[in-house]
Amino acid sequence: MSSAATPSTETSPQLLLKLAAITKRFGPLIANDAIDLDVHRGEIVALLGENGAGKTTLMNILFGHYVADEGAVMVAGADDNILATLEPGAPQAALDAGIGMVHQHFTLAENLTGLDNIVLGTEPIFRLRRDRTKARAKLDHLMSGSGLNVDLNQPVHKLTVGEKQRVEILKALYRDARLLVLDEPTAVLTPQEADSLFAILRKLAATGLAVIIIAHKLAEVLAVSHRIAILRGGKKVGEMTTDQADRRSIAELMVGRDVPISKRRERTPGAEVISLHNITIDRGDARRSLHNVSLLAREGEILGIAGVSGNGQAALAQLIAGLDRPDSGTVEIFGEPVTKFDAHQFAQNGIARIPEDRHHDGMIGSMTVAENIAIEDVRSRDYQKFGFLDFDAIRKRAEHAIADYDVRCPGPDAPARLLSGGNIQKLILARVLEKSPKLILANQPSRGLDVGAQSEVHRRLLEAREGGAAVILISEDLDELLTLSDQIAVIHAGHVSPVIAAGDIDRSELGLMMAGQKKNEHNADTRAAGGPA
Amino acid sequence: MEIIDILLTANFWAAALRIATPLIFGVLGALICERAGVLNLGIEGIFTAGAMAGWMAVWLGAGLWGGVLVAALAGGFFGLIHAILTVPLGLSQHVSGIGVTLLATSLSYFTYRTALPDVTSPPRIIPFQPLDIPILSDLPFIGPALFSQTALTMLALVMVFVTGWVLYRTPLGLAIRAVGDNPSAVEAQGLSVYALRIGAVVAGSALMAVGGAFLTMSAFDAFFFGMINGRGWVCIALTVFASWRPGKALLGALLFGAFDAFQVRLQTEVGAFLPSQVFLMMPYLLSIAALIIVARKADYPKALLVPWFKGQR
Amino acid sequence: MIRFEPRTNPSAFLVYGVPVMAAAFAIILAAIPLSLAGAPILPAYGLMISGAFGSLFSISEMLTRATPLILTGLAAAIAFRAKLWNIGAEGQLYMGAMAAVAVGSGVIDAPSYIMIPVIMLAGAAAGAMMLIGPIIMKTRLGVDEVVTTLLLNFIVLLFVQMMLEGALKDPMSMGWPQSEPIIDSAILPPLLERMRVHLGLIIALISAFALAIFVKRTVWGFEIRAVGENAAAAKFSGISVTKTMVLVAMLSGGLAGLAGVSEVAGTRGYLATDLSPGYGYAGIVVAMLARLSPIGVIISALFVASVFVGADSMSRAIGVSNYLADLIVAMSLLCVLIGGFLTRFKIHFGRQKSAG
């Protein structure tokens, strides 16, 4: 078998992968509807679509995690270039056929070294020793040829996200992958890291590797791919070479309908709602620590917190949600220093908290929709008498919320686990916004939602801002931040930058700050010296 | 007698190693299961089953090593039940483990009672005898402490080395350590999560059962009701104490054995002042103390207790 | 190929039918050890049924057995609801019994309507106290409560032994390690003349109904359910997971302690180290068979009790070891676990057909 890193001598593009009329249903939902896709050697194909368009399902079928209801996956043989049907539902067959996948959530054992992770499963399992010299040599060759440099002797938990991704790619290349599939590879990277990844992918493609990138961000796709296929609602709705691609038409194809774009109106911010003064939280682990952070959010203002995931956003969110206390520094809410960090108190005092992981932290699947909506308030007089729950009041509130927030569910008494992601988010909005909060903590509020639900979330946040609430919006999505925020601060490695006013924001500079570079002094909006113009 | 004097006798260390032997088997078995991501609370029952099955096989004429094999098979059988319930079916490892303990214990007792309906004092077998290795057994101190143990104790020490080698030096061990940390990583590399986990639980359970067999075939020569008496649970605590490492498992078991042996000797010294139960409580109190000592830094295998289903990420 | 597909909404038939079928299946499985023991199978089953239900006396015996099982079953059910793995009900039962003996064997004397609540409170408090250590270790240090509660069972039993040879020893027992008897005014009176079934049964039934209402209808029950189903989400919403765990621990330990009171003041009359033949462990099976429902606990405790009483009686009649009862109980636990899986997943055999 020829190594993927050996430069291909072929000049004419050869067909490597053929997906023929793939259909996959989950109950009544058609996740993939007769999708065709061809991929050639040395080609980077972008699979573009909104969340829920069917991209990930299609790739899971390709990789043997799911079995298609109809259609076939065909891969050209390594030696003879003849298309052969891949055994469905067998990840091993996909691996053997030279298909490598880098999932959005890395599949690495964190307690092992990078080298161990790569070699895992490639050697006969019942052997008395492990021989690593050959593996090392091959990996050194791969690394020097592609620029995928990473210390493979480190345990994976010590690597950065970007390095982990490189290990994932090396894993596939080490197995002589001829087709590499990357699922949302840039979601966890800074813009600069993403650029360097794209450079590596271009280099690899030049050696004959075929690449499929699953993405939902148009700009990235245009930057790296040769060809673009667009999925919507489980169907392939368009395909074109990148040089013929037109931004507008692609956007329309992806979304398929007019989505009301929320517009932020100018508004003078009011009084201070929450302020953080020199907050330090040291939990030993960078993603859970903050260093000397000061921030200020005012009425009628959305304060965006930009940053690559795992840079202390979790610690900041925990603090503002009342789930953690600072090691040093003070938090003032409505001018009063907070002495008791208690989630219940925070919620009762008018802080609306939208959790980052809505499935894990936002709802209790086996409890009813009504119970999930009332959960923050069951101790209040409105919903209990002498400790006994007032189910009528709880149900009545739920009925209102379901109608007002358009939560699609069988009814208030249905278990919450039956709800889709978008409807869970609506349920959470109904829970926290109903009480006209003065401060809203929105942590990745639209991540993973389809366009409709996303715009609904944005509309609600802007509405709350109009109503005078302060909103702290933590997001990894620059577009979202730039559309909604009045002010943006960047969080990196537990440090929060000075706040930048919406008008002064330069996208690429934001990217550099997300990677840890300091903002130029003269551009910084120094709040202490008088606030934004 | 001075405390130091007790600690310096070969006899004392021989006793410590003897007490430690079943625990070594048990902790090794438990750590193999847990390294693969499965807590095996069936251990108490599997100990009982191993003790009963091994002893009964010998009593029926199987020979001592035949008895060990039968014990291991019995352990593997109950391990398989636990593995099927917790791995492909993904059921609660806590409840399934307790269930396996209840099943293995009651089945052992039932079998014993059915085979020997009317005996008041259990029949005895000729157990493993202390080894007499030329030269080595005659060495001062280390001879009686280490080389005059029975073959099963030697096997336990060998198994520490074997388990360590397999876990850290072979592809199989690599896969087991990976599957206990992130099963999806193992599946993505084309290995079977189910096969690895089931295999680890069966193998670990077989080791546990040999630990049980040591009690009826080496430490004693007969089977009694209630003879396991919480040793399995002690092993679960020691596994945490050992940070899931075979070398530390040996150390932990030896420390435990030494404390226990010391406690027995202390009892003869000061027994008049304190009720005997205080001393008998020591092993259990020590186990809890061991858990408290390592609690803050215990680095549990990340996928321990987390069920995993095929195709899930 | 076998595939599992999650069911979003299992039918009522599955939810209620599966535990019944699991129990029945365990009984049927018992035919294997029975036949291996050389017993006539159908007559043996007959003897078991008549042993448990054949006469007023046997029903009374069965109910007497069911009484502590309801209480330990409730102890396990409420704890498991909150994912607090309290496996220490056996030890908590003994502590409860010991507390009942400590205050109920003559230190104080008062009319029954005072004495009975007093020993109940003492027993419940003592049982609950046993969980303070494990709960602190769990919430403060992250020590798994399974192991600590299990180990405490052994420690408590030795402690009871020690007390029975010391402070609580009955001077009239002629060297036998048992406590002084519970005084008459603290005895739980029998419900039927010349039968053993006693007031403890009523207490157990009231506890079950009270717990059912508590879990379903009160704020604290709401919080227990929330913490048990998804502790992270409960915490995020402002529910104190630690406080909820402590509350659950107190309830669970208290109920197990009550089981000890009921045994010592209702059935036995004095404390000895053979007070419980593993009621604490059997309570886990009772709770699982009941799918952690307090009302269900009553029914499954009746089932487990009849297995024990029936097997005892069959054992006396045809000489098959009464460990058969433990075996059936253990098998029904594993069967109901598997059954629980079937209610959550549909199983498909073979590959899905491709339609045109």
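Reading the values: the criteria
Residues numbered from 1 in each chain as written. Chains lettered and ligands numbered in written order. Predicted model: local features only at pLDDT ≥ 70, side-chain atom pairs only at ≥ 80, totals over all residues. Helix = DSSP H or I, 4+ residues; strand = E, 2+ residues; numbered from the N terminus. Rg over C-alpha atoms; globule rule 2.2 N^0.38 Å. Contact = placed C-beta atoms within 7 Å. Buried ≥ 20, exposed ≤ 12 C-beta atoms within 10 Å, placed from the backbone. Pairing = 2+ DSSP bridges. Axes fitted to C-alpha atoms, helices over the stretch in contact; angles between N-to-C directions. UniProt positions renumbered as here; feature names shortened; annotations may be inferred. Nonpolar A, V, L, I, M, F, W, Y, C, P; charged D, E, K, R; others polar. Arc of directions from axis to C-beta. pLDDT = per-residue confidence, 0-100. Parallel < 35°, antiparallel > 145°, perpendicular 65-115°, else oblique. Left-handed = near helix turned anticlockwise from the far one by under 90°. Expected span 1.5 Å × (residues − 1).

### Considering the overall build of chain B
Item 1. Secondary structure summary: chain B contains 13 helices and zero strands in total.
Item 2. Of the regular secondary structure in chain B, the N- to C-terminal order runs α-α-α-α-α-α-α-α-α-α-α-α-α.
Item 3. Relative to a compact globule of 313 residues, whose C-alpha radius of gyration would be 20 Å, chain B shows 20 Å and is just as compact.
Item 4. Expressed along its principal axes, the backbone C-alpha trace of chain B runs to roughly 60 × 45 × 45 Å.
Item 5. If you take every contact in chain B between residues at least 6 apart in sequence, the share linking residues at least 24 apart comes to 79%.

### Examining the overall build of chain C
Item 1. Counting its regular elements, chain C contains 15 helices and two strands.
Item 2. In terms of overall size, chain C behaves like a compact globule, its C-alpha atoms giving a radius of gyration of 22 Å where 356 residues would be expected to give roughly 21 Å.
Item 3. Expressed as lengths along the three principal axes of its C-alpha atoms, the size of chain C is roughly 85 × 60 × 30 Å.
Item 4. By residue count, 55% of the 356 residues in chain C fall in the buried class.
Item 5. Pairs at least 24 residues apart make up 79% of the contacts formed inside chain C by residues separated by at least 6 positions.

### Some details on the pairing of strand β9 (residues 227–232) of chain A
Side-chain positions along a regular strand alternate between the two faces of the sheet.
All names here are of chain A.
Item 1. For β9, a buried count of six out of six residues is recorded, marking the element as mostly surrounded by other parts of the structure.
Item 2. Direction of pairing for strand β3 (residues 44–48) relative to β9: parallel, over a ladder of four bridges. In the sheet register, L48 faces β9, and the bridge partner there is I230.
Item 3. Both β9 and strand β10 (residues 235–241) contribute to a ladder of six bridges, which runs antiparallel.

### So, the sheet that holds β3(A)
All names here are of chain A.
Item 1. Read from one edge of the open sheet, six strands run β6-β7-β8-β3-β9-β10, paired in mixed fashion. At either margin of the open sheet sits one strand with a lone partner, and together these are β6 (99–102) and β10. For this sheet the average axis-to-axis angle between neighbouring strands, irrespective of direction, equals 20°.
Item 2. In the sheet, β6 pairs with strand β7 (residues 179–183) via four bridges, with the strands oriented parallel. Within the sheet, the bridge partner assigned to I99 lies in β7 and is L179.

### Looking at the UniProt feature "transmembrane region" (unreviewed entry) in chain B
Residues and elements named next belong to chain B.
Item 1. Following the UniProt record, one finds the feature "transmembrane region" (unreviewed entry) at residues 12–31, 38–58, 64–87, 94–112, 146–168, 194–216 and 278–295.
Item 2. When the span residues 12–31 is considered, its composition is 100% helix and 0% strand, and the gap between its end C-alpha atoms is 27 Å.
Item 3. The distance from the first to the last C-alpha atom of residues 194–216 is 33 Å, and the span holds 100% helix and 0% strand.

### Remarks on the interface of chain B and chain C
Item 1. Of the residues lining the interface, 34 residues belong to chain B; the matching set on chain C comes to 38 residues.
Item 2. Elements with a minimum of two residues in the side of chain B that touches chain C: α5 (93–115), α11 (231–241) and α13 (276–295) of chain B.
Item 3. Examining the composition of the side of chain B that touches chain C, we find that 13 residues originate from one element, α5(B), more than from any other.
Item 4. Of the residues that constitute the side of chain B that touches chain C, the class distribution is 24 nonpolar, eight polar and two charged.

### Some words on the sheet that holds strand β12 (residues 290–298) of chain A
All names here are of chain A.
Item 1. An order of β12-β11-β14-β15 is seen for the four strands of this open sheet, with the pairing classed as antiparallel. Each having just a single partner strand, β12 and β15 (336–337) make up the two edges of the open sheet.
Item 2. Helix α9 (residues 313–320) contacts β11 (272–281), β12 and β14 (328–333) of the sheet and is inclined by roughly 130° relative to β11.

### Considerations on helix α7 (residues 132–141) of chain C
One turn of an α-helix holds 3.6 residues; hence residues three or four places apart share an orientation.
Residue and element names in this part refer to chain C.
Item 1. Taken together, the buried positions of α7 are occupied by P134, I135 and K138. The buried residues of α7 occupy an angular sector of 95° when the element is viewed end-on, so they sit on one face.
Item 2. Contacts from the buried residues of α7 go to α8 (145–165) and α12 (241–268).
Item 3. Of the residues trailing α7, G142 is marked for its positive phi of about 75°.

### Details of the environment of B:L251
All names here are of chain B.
Item 1. Mapped onto the elements, L251 comes out in helix α12 (residues 246–270).
Item 2. You can call L251 partly exposed: it has 16 C-beta atoms within 10 Å.
Item 3. Spatially, the C-alpha atom of L251 lies 24 Å from that of G75, the residues being 176 residues apart in sequence.

### Some words on the interface of chain A and chain B
Item 1. Contact residues are listed per partner, giving 25 residues for chain A and 21 residues for chain B.
Item 2. When contributions to the side of chain A that touches chain B are tallied by element, the ones reaching two or more residues are α2 (91–96) and α3 (114–119) of chain A.
Item 3. Within the side of chain A that touches chain B, the residues separate by chemical class into eleven nonpolar, eight polar and six charged.

### Description of the confidence of the model for chain C
Item 1. Predicted confidence across chain C gives a mean pLDDT of 92, with 97% of residues reaching 70 or more.
Item 2. With a pTM of 0.90, the predicted complex shows an ipTM of 0.93.

### Observations concerning the UniProt feature "transmembrane region" (unreviewed entry) in chain C
Residues and elements named next belong to chain C.
Item 1. According to UniProt, the feature "transmembrane region" (unreviewed entry) maps to residues 12–42, 62–80, 114–134, 146–164, 197–215, 244–261, 281–311 and 323–342 in the numbering used here.
Item 2. Annotated as 84% helix and 0% strand, the span residues 12–42 places its first and last C-alpha atoms 32 Å apart.
Item 3. As annotated, residues 114–134 comprises 90% helix and 0% strand, and the C-alpha atoms at either end are separated by 32 Å.

### Looking at the environment of A:S275
Residues and elements named next belong to chain A.
Item 1. Looking at where S275 falls in the secondary structure, it is placed in strand β11.
Item 2. C-beta crowding within 10 Å serves as the criterion here: with 18 such atoms nearby, S275 is assigned to the partly exposed category.
Item 3. Each C-alpha atom, one on S275 and one on P337, is 9.1 Å from the other, the two residues being 62 residues apart in sequence.
Item 4. Excluding its chain neighbours within four sequence positions, the residues that come into contact with S275 are L295, L296 and E332.

### So, the packing of helix α3 (residues 43–59) of chain B against α11(B)
Each pair of packed helices can be summarised by the angle the axes make with each other and by the distance between the axes.
Residues and elements named next belong to chain B.
Item 1. At a closest axis distance of 7 Å, the pairing of α3 and α11 adopts a crossing angle of 130°. By the angle class used here, α3 and α11 are oblique. Along this stretch, α3 crosses α11, giving a crossing that reads as right-handed. Every residue of α11 that contacts α3 at I43, E44 and F47 is listed here: R231, G232, W233, C235 and I236.
Item 2. Taken together, the residues of the contact of α3 with α11 sort by class into five nonpolar, one polar and two charged.

### Details of helix α15 (residues 451–466) of chain A
Item 1. Here α15(A) contains 16 residues, and its C-alpha end-to-end distance of 22 Å stays within 8% of the 22 Å for a straight helix at 1.5 Å per residue.
Item 2. If you follow the buried residues of α15(A), they end up packed against β13 (301–306), α14 (421–433), β19 (439–443), β20 (470–475) and α16 (478–484) of chain A.

### Things to note about the packing of helix α2 (residues 10–35) of chain B against helix α7 (residues 151–169) of chain B
Residue and element names in this part refer to chain B.
Item 1. Look at α2 against α7: their axes get within 9 Å of each other, and the N-to-C directions meet at 25°. Taken together, the axes of α2 and α7 are roughly parallel relative to one another. When the axes of α2 and α7 are compared, the crossing they make is left-handed. Here α2 contributes L17, R18, T21, I24, F25, L28, I32 and R35 to the contact with α7, which in turn contributes L152, T153, A156, M159, V160, T163 and L167.
Item 2. Its residues assigned to classes, the contact of α2 with α7 comprises ten nonpolar, three polar and two charged.

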